[in-house]
Amino acid sequence: MSIKAPRKGENYELSVDLNSEYREKRKDAIKRVIASMTVGKDVSGLFPDVLKNMQTDDLEQKKLVYLYLMNYAKTQPELVILAVNTFVKDSDDPNPLVRALAIRTMGVLRAEKIIDYLCDPLQKCLRDENPYVRKTAALCVAKLYDLKPELVIDNGFLEQLHEMIADSNPMVVANTVAALTDIHIAASSQPSISPNDPALFPISSSILTKLLIALNECSEWGRVAILNALARYVAKDDKESEHICERVVPQFQHVNGSVVLAAVKVIMIHMRGVRREDLIKQLVRKMAPPLVTLLSSPPEVQWVALRNINLLLQKRPDILSNEMRVFFCKYNDPLYVKVEKLDIMVRLAGENNVDALLSELKEYASEVDVDFVRKSIKAIGQTAIKIDAAAERCVHVLLDLIDTRVSYVVQEAVVVMKDIFRKYPSTYEGIIPTLCANLDELDEPEAKASLIWIIGEYANKIDNADELLGIFVDTFTEESYPVQLQTLTAVVKLFLKKPDSSQGIVQRILNTATKDCDSPDVRDRAYIYWRLLSTDPGAAKAVVLAQRPPISIPRTTVAPALLEELLGEVSSLASVYHKPEETFVGKGRVGAESLQRKTDAPDDRFSTSKALQTVAAGQQAENLLDFDDAPAVEGRPSGLAATEVLSHTPAAANLLAGTSSNPLDDLVSIFGAPATPAPPSANSHDIFGGLGVNSTFPSGGTGSLGSPAVQSPSVAAPPLQKNQQPEDDLLGLF
Amino acid sequence: MISVSSFYISLLLFLIYLQAFFIFNQKGEVLISRLYRTDFKRSIADVFRIQVVSNSDVRSPIITLGSTSFFHVRVNNLYVVAVTKTNANAALVFEFCYRFINICKSYFGKMDEESIKNNFVVVYELVDEINDFGYPQNSEIDTLKTYITTESVVSATQAPEVSSRITAQATGATSWRRSGDDVKYKKNEAFVDVVEVVNWMGSAKGTTLRADVDGHIQMRAYLSGTPECKFGLNDKLVIDRGAVGTSGPSSGLADRGGGDAVELDDCQFHQCVRLNDFDADRSISFIPPDGEFELMRYRATSNIKLPLKVIPTVTEIGTTKVSYDITLKTTFSAKLSATNVVVRIPTPLNTTDVDVGILGTGKAKYVPAENVIVWKIARLQGGQECSLSAMAQLTSTTTRQVWARPPIDVDFQVLMFTASGLIVRFLKVFEKSNYHSIKWVRYLTKANGGYQVRDSLIKDVHMCIDRIAHFS
């Protein structure tokens, strides 16, 4: 601002007022400056004028000036130096609030010039007699490390922090731990770090003792910081693990949900080392009530808790076995909470509570939100597959729902019925006529495909199967690819079962599929069938009508290694998304070096392949989606651009997702928040992706349980089906 | 080798808390913005505005775009938003947002656009005080109020000694209480309020689908010095164990035998309560904050005594009328009464008019804007019963309108009654000056928004017709 500012306008007026001889007027002007700053106006030109008001004994005014400095120090590095004197003086003020304020602010100015002047006051404040100043100074060390690590090391601040872990004041201990952890993380993200680097903060057993003492005395947030540190401790033996668990368990009774979850995390980690069965039982038993209590929290906290409960149940299904009722959806629960509750209810379903569950699910199926209704119906199907004894009751509920004639309810029910047929072959043939009666109302590819599959499967028992399939053969080229594929397979099944009456229809479809169809998948499948049928009908029978392996509901939705990892991060974003953090935290380039390090880790708790996979995911995530690192001045345009690109190409994204295991799929689901519900549905993607990889659950049956095709535009469906197809043919599923 | 392996694990614990904090109004304008770390530019606010505020279909409280995650909480048309690029502690971030909201409510009486705009200076002070470098700091409202005030004059003249005391309190082992000699009362009193919110979900047939109690014990302590308190409930686990002596001065309600003990599913305590003691023998001991605070929260699900029975009969007459017969019965003794009873009975969306008649007490009217019949009863004595009958006229519609069929909801309050059966057995106060203290206990059970009966109405009629047509 060397050029003279115009002598009018808002900033000019402010500048005049800032230099006013009246105190109140000056202070008022500062407030106006801050107000302008907040709404995004550029008031950096007033820097010298604001700075003049820094030296004051009005604490509020001082805070305002500091707030201004924090925002603009970076843009005016030359002028910041003028503030140094006041800062240094303030850090010696008799009033501890002023001392703390000075040290707190200096740490975040991020101007090279001022940092060199920070060390001396910081040195003093770390040894201040007042704990409030000490706890502020402790965090300031982390701030300094963020700017200039060498200053922290050269001044011996790290050693001081290590001494401060034994501080008599628990709040100081908590902030010290937070600062050391912060530095530890910053240091370990450097590629060239040696294991003996002083910046690292390994938790030794003497630190452990100090932390356990401070834990019971410090504030709620401090407890979280300390519990996080405890989670990192590697216990020497089972005695020590037991000791830690016993000391942490009381935290379950804390009123702050984040303390409770942090305690759950520590217990889950250290329970691995506990060998006494009775203690494990006791710990698990004590964990349940506080988890349920979290459901009385505000919806957002509830949701975090529910996502974590879901994970915990995958590891220990017995935790909440008698508590299903508390997960019943309330009428005014937000949708994201309801969806999560559904999932957990199915997990907790057993023969003793299935009736209550079914009447709930039926209730939900009459709600307004289409997405939730569909998920409820899916849940009925999952219940049927999970509990053999309840299958018949589930079918009755589904029939009741089909009777409502609400289009999306009927379609979803048909999809679900297919899975039930798959799990219990030849049990519920009686309802096929009811399903077929709704044939005209089906317009969603998945529902159509499901019904066609059922018809093909029971072609020998349905008198007019050829007639029904004929409808789809007539419109074959207009149908979507999944429907085409199913029609093709169903007609071939029909032919194999009733060769006499269906010669014509099979000829017709093979002709159409090989000649007029533009999908190579459909054509290929048709050719294979054609060849099979023409060379050896017996072999065709063996392949197409082969016995299929049974389907079941997977107990876990994430790989076991990932589950362990996520349980070690309970309450973190990763545990909420059920994904490793690399998929959504782009911390610089994940290079070959870090990959090497991961695979070299002697601790073989996590499989190598998993590491490779997540690293790959991290890289993809970055290249495609990181809009903030772009040189563009604003995050906004590039952010938007990125969204558009994705919403235009869901098919491509899904294709990729299908071929690799599914990292990108995950990302799309996170990213495409507007189009598809983000994290909750991400879960269902996971189910699906997981199944695709895991060949114990062949696609035919599971495809519908968590299929993303339902929510995403129909474009997404073909590539997905494609992913299924090779497996189909190989296993002779259809 | 060990250091390498622990290093590997540490990579998994990338837990910085929030990195930026915003308040937006409904239009997406920034009211408050505070960047704790430099990873962000201000323009990150625009991203939020576009992705969340102007998006009508946001289905998650956390949105991750690329590697940036937005945590948001809505309160009175404001968005409180925390932003991070790390694998942050989600529960902590939300707890922090809610704490911030509570602090604002306590400071300004309410939290809305106006109060934030008018007090933005204090808001900034608070935001910086309760969070440093992304790490939440002391956020006890009473302590904050001693050094961050809405009247700026005070802070100017604060003497260093006063500040020292404040800071000592803000960081002390009993950060919730001033040091012993500062607190003096002529009359040492403690008021205990047991407040239970009873949640009930009944089916149309009147059976209970779920019933539970969310209780909290609010305490107002006006006790001198540094009082050491011991608090006793008819907690089943304690009574079964017989660990607690019955000689103490029991307040108000008399001691009862083990038969009436209450089974608490879970308890949560204010940070003043020694959790280790509770874990060891379920004793509740603490040094209370001065003034009002929430001592504990608890949850109970067994043997819930429902104070009101709701018996709905909803029938559809043809396609143009629905009749309602709702009966309320009290189950508590005639000495008590339910007050502020409000029954909300939803009607179909195509309701044109409703005729309401009441047997017993109260007033009822149809509120067309919300499609509900609201029935208000100022006081309902124990043992009393009253009922409402209404007839809703519907317009005939050709298309089947989607109606969520909200449940019938009942709100009420009953004094000196606990749905869980919880009773305060004693509150003992020990102080070195050995003063005499007076204790008061009050009980209140209420329902707000969670006492509901589902009315699965009408549709069955349709179903029958459909089914017949279908099979014929």
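So, here is what we can say about the structure in this document. Worth saying up front: this structure is predicted, and the values here are computed from it rather than measured.

### Some details on empty space enclosed by the protein
Part 1: The tally for this structure, following the rule as stated, stands at 18 cavities of 30 Å³ or more.
Part 2: If you add up the space inside the second largest cavity, you get close to 160 Å³.
Part 3: Around the second largest cavity, the lining is made up of 14 residues, and of these Tyr331(A), Glu363(A), Glu367(A), Pro407(B) and Arg454(B) lie nearest the centre.
Part 4: Taken together, the residues of the lining of the second largest cavity break down into 6 nonpolar, 2 polar and 6 charged.

### Let's talk about the packing of helix α28 (residues 520-535) of chain A against helix α29 (residues 537-544) of chain A
All names here are of chain A.
Part 1: Two elements in contact, α28 and α29, have axes whose closest approach is 5 Å; the angle formed by their N-to-C orientations is 135°. Classified by the interaxial angle, the pair formed by α28 and α29 is oblique. Together, Tyr529, Leu532, Leu533 and Thr535 of α28 and Pro537, Ala539, Ala540, Val543 and Val544 of α29 make up the contact between the two elements.
Part 2: Class assignment of the residues belonging to the contact of α28 with α29 gives a composition of 8 nonpolar, 1 polar and no charged.

### Concerning the state of the cysteines
All names here are of chain A.
Part 1: Enumeration over the complete set of coordinates arrives at 0 disulfides over all chains.
Part 2: Here cysteine 125 stays unpaired: no disulfide links it, and the sulfur of cysteine 140, its closest cysteine neighbor, is 8.2 Å away.
Part 3: Owing to a relative accessible area of 1%, cysteine 125 belongs among the buried residues under this scheme.

### Describing the packing of aromatic side chains
Part 1: With the rule as written, the count across this model stands at 27 aromatic pairs over all chains.
Part 2: Their ring planes at 85° and their centres at 5.5 Å tell us that Tyr577(A) and Phe584(A) sit as a pair that is edge-to-face. Of the two residues, Tyr577(A) and Phe584(A), both sit in the buried class.
Part 3: Among the aromatic residues, ring-to-ring pairing joins Phe22(B), Phe24(B), Phe48(B), Phe70(B) and Tyr79(B) into one connected group.
Part 4: Sitting over the ring of Tyr331(A), Lys338(A) keeps its end group 6.0 Å from the ring centre.
Part 5: The cationic tip of Lys338(A) hangs over the ring face of Phe372(A); the distance from NZ or CZ to the ring centre is 5.2 Å.

### With respect to the side chain of Glu140(B)
Part 1: Structurally, the position occupied by Glu140(B) is in the loop between β7 (135-136) and α6 (141-147).
Part 2: Here Glu140(B) occupies a buried position and makes no salt bridge, while the nearest side chain of opposite charge, Arg99(B), is found at 4.9 Å.
Part 3: A polar contact is formed between the side chain of Glu140(B) and the side chain of Gln271(B), at a distance of 2.8 Å.
Part 4: Those residues in contact with Glu140(B) that sit more than four places away from it in its chain are Glu220(A), Trp176(B), His270(B) and Gln271(B).

### Considerations on the sheet that holds strand β17 (residues 351-359) of chain B
Residue and element names in this part refer to chain B.
Part 1: If you walk across this open sheet you meet the 4 strands as β14-β15-β20-β17, and the pairing is antiparallel. Strand pairing shows two members of the sheet lacking a second neighbour, β14 (308-317) and β17, which therefore form its edges. Within the sheet, the average angular offset between the axes of one strand and its neighbour, ignoring direction, is 15°.
Part 2: Note that β17 and strand β20 (residues 385-394) share 8 bridges and pair antiparallel. In the strand pairing of β20, valine 354 is matched with alanine 392.

Conventions used here
Residues numbered from 1 in each chain as written. Chains lettered and ligands numbered in written order. Predicted model: local features only at pLDDT ≥ 70, side-chain atom pairs only at ≥ 80, totals over all residues. Heavy atoms only, no water. 1 Å grid on protein atoms, 1.4 Å probe; cavity = no way out; pocket = protein on both sides within 12 Å on 5 of 7 lines; lining within 4 Å. Points joined across faces, edges and corners; volume = space filled by probe spheres on them. Nonpolar A, V, L, I, M, F, W, Y, C, P; charged D, E, K, R; others polar. Axes fitted to C-alpha atoms, helices over the stretch in contact; angles between N-to-C directions. Helix = DSSP H or I, 4+ residues; strand = E, 2+ residues; numbered from the N terminus. Parallel < 35°, antiparallel > 145°, perpendicular 65-115°, else oblique. Contact = heavy atoms within 4.5 Å. Disulfide = S-S within 2.5 Å. Buried < 20%, exposed > 50% of the residue type's maximum accessible area, 1.4 Å probe, protein only. Phe/Tyr/Trp six-rings, centres within 6.5 Å; stacked < 30°, edge-to-face > 60°. Lys NZ or Arg CZ within 6 Å of the ring centre and 35° of its normal. Lys, Arg positive; Asp, Glu negative; His and termini not counted. Salt bridge = Lys/Arg side-chain N within 4 Å of Asp/Glu carboxyl O. Polar contact = N/O pair within 3.5 Å; in protein donor to acceptor, adjacent residues only side chain to side chain. Pairing = 2+ DSSP bridges.

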